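# Structural overview
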Amino acid sequence: MLIKNAKLIVKNNETKISDILIEDGKITKIEENISNYYGKIIDAKENLTIPGGVEVHIHLREPGFEKKETIKTGTMAAAKGGYTSVMPMPNLNPHPDNEEVLNKYFEMIEKDAAINVYPYACITKKSKGEDLVDMEMINKKFNINHFSDDGVGVANDEMMKTAMEKAKSIDSLIVAHTEDMSYIKPGASVHAGKMAEQNDWVGIPSEAEYKQIERDLNLAKQTGAKYHICHISAEESVEALRKAKYEGVDASGEVTIHHLLFTENDVKNTNFKMNPPLRTKRDREVLIDALIDGTIDFLANDHAPHTEDEKNREMAKAPFGISNIECAIPLFYTNFVETGKINLEQFVDLISRKPAERFGLKNKGKIQVGYDADITILSEDKKIINKQEFITKGKNTPFDGMEVEGCPIYTICKGELVWKN
């Protein structure tokens, strides 16, 4: 494959029009003009051409919850959204916590995935927080070096310390959904703030997140483990991560597009219900500043599809989570690049290079000779997000009707065209 007339980022906002030659799934040549090629040619027409997005936090729902999403629909939706690598969370049925389940899981991925899929394994068996999985076996046999009990926090201090010690011994990453349930009451749905009070909703305080983050960061400091925080939402969580990094802890964190764009004041219905919840204006401002200054490492969006019946329940009974994988990159581009808050180089770093590096995905995250040909071409045309056009089964999104730029028109994974608008 040959990509002609690609607008490549040189540095900051500087760009250069180049051709990209792809052979055997790899980038083999980048030059101003490549001629005498007789294979498949894609004309990028001087549209912005970037490394495929790397999404380290997605829910593909299969096995166990196929009414919400499948490996096929979720990875096709990710391709449409400009992502070429995704890492699905392990809150599935059965949980990917043993050899037999993981063998079957990888067979399903091989059969149905449209793009690169790097699944998590659980930290504890069935994510119950009681028995550690055989991390060493999983790491050696399946080359999985990232473990999470996403959906629940590991409540027991000693269990989390043991998990970190084992992860350290096999050079793997502990990835934590941080939620101390002692702070959470039955029916909790939104941030414990003024909107909760006005609507008689049960609130979730910021302490539920940052208290467990503080504990985990102390354990990571003690054990020397590599540690990553999922979907940071609170100012205090940012400060804890900033302090830990200053002290030399090998820690990182992610933030979602919805926590960057919305606050508790935007909650209108259950399509704005996610965990952790949308918090205050101050929290949102701190998250943005922390992403820009590098305290928070990159964007990761927690795509969590549900059926319409589930989301049509009252606030307290509807499940947490929203669908966003098809619009996260355009939303980020529109609200941060187009507004001048970040430059093009930072944009690529935050959606592709930095997550690939943190999670050890070799030859991902750059358009460079020798790297995998995972490439996304973005349009500068304006488009209205229409959830009825989503490929994902989950139409549960708060972004329906928003105007964006930077929508993918081509997504190429391992040298194969996987999405064309």
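If you're wondering where the values come from, they're calculated on a predicted model, not measured in any experiment.

Helix and strand counts for the chain come out as 12 helices and 20 strands. Taking 2.2 N^0.38 as the reference for a compact globule, 421 residues should give roughly 22 Å; the C-alpha atoms of the chain span a radius of gyration of 21 Å, in line with that estimate. A burial count over the chain gives 59% of its 421 residues as buried. A separation threshold of at least 6 residues defines the contact pool for the chain, and within that pool the share at least 24 residues apart is 73%. By element, 44% of the accessible surface of the chain is carried by carbon and sulfur atoms, the whole surface being about 17,200 Å². Separation of charge centres in the chain, based on 55 positive and 68 negative side chains, amounts to 1 Å.

Backbone hydrogen bonds hold the strands of a sheet together, and the pairing may be parallel or antiparallel. The strand order across the open sheet formed by five strands is E9-E10-E13-E14-E15, and the pairing between neighbours is parallel. Looking along the sheet, the strands with just one partner apiece sit at the ends: strand E9 (146-148) and strand E15 (298-299). Of the strand pairs in this sheet, strand E13 (residues 226-229) and strand E14 (residues 251-255) are connected by three bridges, and their pairing is parallel. From the neighbouring strand, Tyr227 faces E14, where its bridge partner is Ala251. Packing of helix H7 (residues 235-246) onto the sheet brings it into contact with E13 and E14, and relative to E14 it is tilted by some 150°.

When the UniProt feature table is mapped onto this chain, "binding site: substrate" (unreviewed entry) is found at His59, Leu60, Arg61, Asn91, Asn275, His306, Phe320 and Gly321. Among the residues just listed, Asn275 line the largest cavity. Looking at the secondary structure, you find Phe320 in the loop between helix H10 (308-311) and helix H11 (328-337). Taking relative accessible area as the criterion, Phe320 reaches 28% and is therefore assigned partly exposed. Residues contacting Phe320, with those up to four places away along its chain left out, are Ala188, Ser189, Ile204, Lys273, Met274, Asn275, His306 and Lys311. Among the structural elements, Gly321 can be located in the loop between H10 and H11. Excluding its chain neighbours within four sequence positions, the residues that come into contact with Gly321 are Lys273, Met274, Ala304, His306, Lys311 and Asn396.

A few words now on the packing of aromatic side chains. A complete count under the given rule lists eight aromatic pairs for this structure. Judged by centre distance (5.3 Å) and plane angle (20°), the rings of Phe262 and Phe399 are stacked. Highlighted residues: Phe262 in the loop between helix H8 (257-261) and helix H9 (281-293) and Phe399 in the loop between strand E17 (383-384) and strand E18 (403-404), separated in sequence by 137 residues. Look at Phe262 and you get buried, because its relative accessible area is 10%. What makes Phe399 buried here is its relative accessible area of 0%. Grouping aromatic residues by their ring pairs yields a cluster made of Phe332, Tyr333, Phe336 and Phe347. Taking the ring centre of Phe142 as reference, the NZ or CZ of Lys141 above it sits at 5.7 Å.

Another point: the sheet that holds strand E7 (residues 83-88). The three strands lie next to each other as E6-E7-E8, forming an open sheet whose pairing is parallel. The open sheet has two edge strands with one neighbour each: strand E6 (53-58) and strand E8 (116-117). Pairing geometry for E6 and E7, over four bridges, is parallel. What sits directly across from Val54, in E7, is Ser85.

Further remarks concern the pairing of E7. Counted residue by residue, E7 has six buried out of six residues, so it is predominantly covered. Chirality of the crossover, the property in question, places the unit of E6, helix H1 (residues 71-80) and E7 among those that are right-handed.

Moving on, we come to the environment of Asn12. Looking at the secondary structure, you find Asn12 in the loop between strand E1 (2-11) and strand E2 (14-23). Distance in space between the C-alpha atoms of Asn12 and Gln368 is 17 Å, their sequence separation being 356 residues. The contact partners of Asn12, leaving out residues within four places of it in the chain, are Asn343, Leu344 and Glu345. Looking at Asn12, its side chain comes within polar contact range of the side chain of Asn343, at 3.4 Å.

Take the pattern of salt bridges next. Taken as a whole and assessed by the stated rule, the structure comprises 26 salt bridges. In this structure, Arg215 engages Asp157 in a salt bridge whose closest nitrogen and oxygen atoms are separated by 3.1 Å. Placement of the pair is Arg215 in helix H6 (residues 207-223) and Asp157 in helix H4 (residues 157-169), with a sequence separation of 58 residues. According to the relative accessible area criterion, Arg215 is buried, its value standing at 13%. By relative accessible area, which is 43% here, Asp157 ends up partly exposed. Measuring nitrogen to oxygen at the nearest pair gives 2.9 Å for the salt bridge that ties Asp297 to Lys245. With a gap of 52 residues between them, Asp297 in the loop between H9 and E15 and Lys245 in helix H7 connect regions that are remote in the sequence. The class of Asp297 is buried, set by a relative accessible area of 14%.

Criteria and thresholds
Sequence order as written defines residue numbering, which begins from 1 separately in each chain. Totals for whole chains, interfaces and linings use every residue, but because this is a predicted model, local features are given only for residues with pLDDT of at least 70 and side-chain atom pairs only at 80 or more, for both listing and counting. Side-chain calculation: all heavy atoms of the structure are included, whereas hydrogens and water are not. The way it works is that DSSP assigns letters per residue, a run of H or I at least four long becomes a helix, a run of E at least two long becomes a strand, and they are numbered from the N terminus. A radius of gyration in this sense is built from C-alpha atoms; the matching globule rule multiplies 2.2 Å by the number of residues raised to 0.38. Only protein chains enter the accessibility calculation, which uses a 1.4 Å probe. A residue is then buried if its area is under 20% of the maximum for its type, exposed if over 50%, and partly exposed in between. Contacts: residue pairs with any heavy atoms within 4.5 Å of one another. Only the protein chains shown count as cover for residues, and the accessible areas themselves come from Shrake-Rupley with a 1.4 Å probe. Counted charges follow a simple rule, with Lys and Arg positive, Asp and Glu negative, and His plus the chain ends left uncounted. Think of each charge as sitting on NZ of Lys, CZ of Arg, CG of Asp or CD of Glu. Any two strands with at least two DSSP-identified bridges between them are counted as paired. Helix axes use the C-alpha atoms of the stretch in contact, all axes being lines fitted to C-alpha atoms, and the angles between their N-to-C directions lie in the range 0 to 180 degrees. UniProt positions are given in the numbering used here, feature names are shortened, and annotations may be inferred rather than shown by experiment. Only protein atoms enter the 1 Å grid used here, on which a cavity is any set of points holding a 1.4 Å probe that cannot leave and a pocket is any open set flanked by protein within 12 Å on both sides along at least five of seven lines; residues with an atom within 4 Å of a point are listed as lining. Each aromatic pair joins two rings of Phe, Tyr and Trp (for Trp, the six-membered one) with centres within 6.5 Å, and gets the label stacked for planes under 30 degrees apart, edge-to-face for over 60, and tilted for any other angle. Definition used: whenever NZ (Lys) or CZ (Arg) falls within 6 Å of the ring centre and also within 35 degrees of the ring normal, the charge is taken to sit over that ring. Note on handedness: a crossover is taken as right-handed if, strands pointing away from the viewer, the path from the first strand over the helix to the second is clockwise. Between N or O atoms, a polar contact is any pair within 3.5 Å; within protein, one atom must be a potential hydrogen donor and the other a potential acceptor, and residues adjacent in sequence are included only when both atoms are from side chains. The salt bridge definition used is simple: a Lys or Arg side-chain nitrogen within 4 Å of an Asp or Glu carboxyl oxygen.

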